[in-house]
Amino acid sequence: MDGTDKNPVIVGRISGLFGVHGWVKIHSYTDPREAILDYEDWLITNDEDWQPIKVREGKPHGKTIIASLDGIDDRDDAAQWIKATIGVDRSQLPDMADGKFYWLDLEGLTVMKCDGTVIGTVDYLLETGANDVLVVRKGDREVLIPFLVEQVIKDVDLADGVIRVDWDWD
């Protein structure tokens, strides 16, 4: 796998060192966090080209994940990758069940009210604990919309790039 021409899905970052044999601490963005270990083929970068790397072994360790990666055999080798971003090829992601979406698929979609009034574009999403929240931008204005399917989110049409909502934003 040549990582130089990929646009990987970001799933975590290397947050530190673990031990003297090149193991690294991983801050996982997956849910649950140990699901990052389901991907054996990672792409990592320190803001340069993406480098393919295989996970030899990994496991939860307290509130983090630790992993041993091919070609990283001691603490010095591992140190160069601290703060590196971890990505995976989109083809490795499992299919989502009906009504479920990857956040990255929602970013950039147009958000409109059921009457056709455009609210803005999804900039990013927030996890609040109670429910996820769409952060929608229109110019300098930011609107927060709870991602509550049926109550607020009436339809997500990925093909047309539109999310229809029942939401008063004024």
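Residues numbered from 1 in each chain as written. Predicted model: local features only at pLDDT ≥ 70, side-chain atom pairs only at ≥ 80, totals over all residues. Heavy atoms only, no water.

A. View of the environment of K25. If you trace the backbone, K25 turns up in strand β2 (residues 23-28). The exposure class of K25 is partly exposed, given its relative accessible area of 32%. Spatially, the C-alpha atom of K25 lies 9.6 Å from that of P60, the residues being 35 residues apart in sequence. If near-sequence neighbours (up to four positions away) are discounted, K25 is found in contact with R13, I14, S15, G16, L17, F18, T64, I65 and I66. (Helix = DSSP H or I, 4+ residues; strand = E, 2+ residues; numbered from the N terminus. Buried < 20%, exposed > 50% of the residue type's maximum accessible area, 1.4 Å probe, protein only. Contact = heavy atoms within 4.5 Å.)

B. A nonpolar patch on the surface, seen in detail. Taken together, the side chains of Y124, L126 and L144 make up a nonpolar region of the molecular surface, amounting to roughly 240 Å² of accessible area. Considering the arrangement of structural elements, one finds Y124 in strand β8 (residues 118-127). On the basis of relative accessible area, Y124 is assigned to the partly exposed category, the value being 32%. (Patch = residues over 30% accessible without salt bridge, like charges linked within 9 Å, V, L, I, M, F, W, Y side chains within 5 Å. Areas by Shrake-Rupley, 256 points an atom, 1.4 Å probe, with all protein chains shown as cover. Salt bridge = Lys/Arg side-chain N within 4 Å of Asp/Glu carboxyl O.)

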